[in-house]
Amino acid sequence: MGMLISTLGLLSPHAYSLFLILVAVGFFAIYIPWDRRRKKRGSGTGERREKREVRPARPLSRGGAVALAVVCVPLAVVGMTLVIACAVMGEAVLTAVGLVLSGLALAGMVKAGEVLRSPRR
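### What about the side chain of D35?
Now for step 1: Inspection of the secondary structure puts D35 in helix α2 (residues 13-41).
Now for step 2: With relative accessibility at 12%, the residue D35 sits in the buried group.
Now for step 3: A distance of 2.5 Å separates polar atoms of two side chains, one belonging to D35 and the other to R38.

### Details of the environment of M80
Now for step 1: Considering the arrangement of structural elements, one finds M80 in helix α3 (residues 62-89).
Now for step 2: In this structure the C-alpha to C-alpha distance between M80 and V100, which are 20 residues apart in sequence, comes to 9.8 Å.

### Some details on helix α4 (residues 92-117)
Now for step 1: Compared with the 38 Å implied by 1.5 Å per residue over 26 residues, the 37 Å span of α4 between its first and last C-alpha is a close match.
Now for step 2: T95, G98, S102, A105, G108, A112, G113 and V115 are the residues of α4 that are buried.

### A few points about the confidence of the model for the protein chain
Now for step 1: With 79% of its residues at a pLDDT of at least 70, the protein chain reaches an overall mean of 78.
Now for step 2: Element-level mean pLDDT values for the protein chain span from 57 in helix α1 (residues 2-10) up to 89 in α4.

Definitions and limits used
- Residues numbered from 1 in each chain as written.
- Predicted model: local features only at pLDDT ≥ 70, side-chain atom pairs only at ≥ 80, totals over all residues.
- Heavy atoms only, no water.
- Helix = DSSP H or I, 4+ residues; strand = E, 2+ residues; numbered from the N terminus.
- Buried < 20%, exposed > 50% of the residue type's maximum accessible area, 1.4 Å probe, protein only.
- Polar contact = N/O pair within 3.5 Å; in protein donor to acceptor, adjacent residues only side chain to side chain.
- Expected span 1.5 Å × (residues − 1).
- pLDDT = per-residue confidence, 0-100.

Rendered as structure tokens:
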């Protein structure tokens, strides 16, 4: 790990920013879905876990889902533009901010899509 960090110091800022983008995409695209599947299957130890009382989330109305989508689409565009521009300029902090904005916007769009695709009550 130390050698990887020392070699990153020798790379240009552009390569360093692209490396950070690849790490973030790998984390959100590979690790999180794998971790969710692992948790669904259980830990495999055979022990019963105490179930905490979980309050159900308040359902999002169709109007709220449309409003969420209207807010999230421009936010995703701004976030991805920020990621691309800052990665080219070598600004690692702003690239990370753009990744966070894009991730939040994509999560909001997924939530809105689930509500809008569900059958009406």
